[in-house]
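# Reading the structure
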Amino acid sequence: MKIGKKAISFNLALKLCDLLGYSREQKASVFKSVKSRFGKVIDLPLKPTKKFLWLAGFIATDGTLTKVTDKRTNSVYVKVRVFNTNPALIKKAEESFDELALSPYKSTRRDGLTALETGSNLLASILVNHYGLKYGAKTTTVETPVFLESADHQSIGAYLGGVFDG
């Protein structure tokens, strides 16, 4: 996909893949990057990387997915946020967002709590639908995601590493 060019909608592309009889693996190989309707491009690896799985675990324990309505356009988007006081963990989260071609806004409070925030409906949808995260406050509702049951040891370790770091 080239930046600045028109792209078909993700749902339409999925329907076309279904019409062509593509398997799940073939569909995954087609979508190397996707562009939101607002023009934000997100790179999607064929298989989840260790950095992505770590980030998913970190968001599950030290982050939020918050639905927000843009007052100018009245459209709904999702803020993906992580918080921590450890600079090494914030740097690791920044690198994980960077791997997805996302550039989060960074803010630090006087007490040392640093937040990274980016708007991404697609990332939020992936985290909710495939990794068991929930929208809103989830301190007491974090559950073990189903994908861990069939994941390899390295993937489980990467996800749980993010959970424990959070």
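Residues numbered from 1 in each chain as written. Predicted model: local features only at pLDDT ≥ 70, side-chain atom pairs only at ≥ 80, totals over all residues. Heavy atoms only, no water.

Summed over the entire model, instances satisfying the criterion amount to two aromatic pairs. Relative to tyrosine 131, the ring of phenylalanine 52 has its centre 5.3 Å away and its plane inclined at 70 degrees; by these criteria the two rings are edge-to-face. Separated by 79 residues along the polypeptide, phenylalanine 52 in helix α3 (residues 50-62) and tyrosine 131 in helix α5 (residues 121-131) bring together distant segments of the chain. Like tyrosine 131, phenylalanine 52 is buried. Above the ring of tyrosine 135, the side-chain terminus of lysine 67 is found at 4.4 Å from the ring centroid. (Phe/Tyr/Trp six-rings, centres within 6.5 Å; stacked < 30°, edge-to-face > 60°. Helix = DSSP H or I, 4+ residues; strand = E, 2+ residues; numbered from the N terminus. Buried < 20%, exposed > 50% of the residue type's maximum accessible area, 1.4 Å probe, protein only. Lys NZ or Arg CZ within 6 Å of the ring centre and 35° of its normal.)

Moving on, we get to the nonpolar core. One finds Ile59, Leu65, Phe97, Leu123, Leu127, Leu133 and Tyr159 to be the most contacted residues of the largest nonpolar core, which totals 28 residues. Of all the elements in the fold, those that place two or more residues in this core are α3, β4 (76-84), α4 (87-99), α5 and α6 (153-165). Sequence-distant contacts of leucine 133, defined by excluding residues within four places in its chain, comprise Ala56, Ile59, Ala60, Leu65, Leu127, Val128 and Tyr159. (Core = buried A, V, L, I, M, F, W, Y, C linked by side-chain atoms within 4.5 Å. Contact = heavy atoms within 4.5 Å.)

Attention now goes to a nonpolar patch on the surface. Together, Leu12, Leu16 and Leu19 give the surface a local cluster of nonpolar side chains, amounting to about 310 Å² of exposed area. Relative to the elements of secondary structure, leucine 12 occurs in helix α1 (residues 10-19). (Patch = residues over 30% accessible without salt bridge, like charges linked within 9 Å, V, L, I, M, F, W, Y side chains within 5 Å. Areas by Shrake-Rupley, 256 points an atom, 1.4 Å probe, with all protein chains shown as cover. Salt bridge = Lys/Arg side-chain N within 4 Å of Asp/Glu carboxyl O.)

Interpretation in functional terms is not warranted from these geometric data alone.
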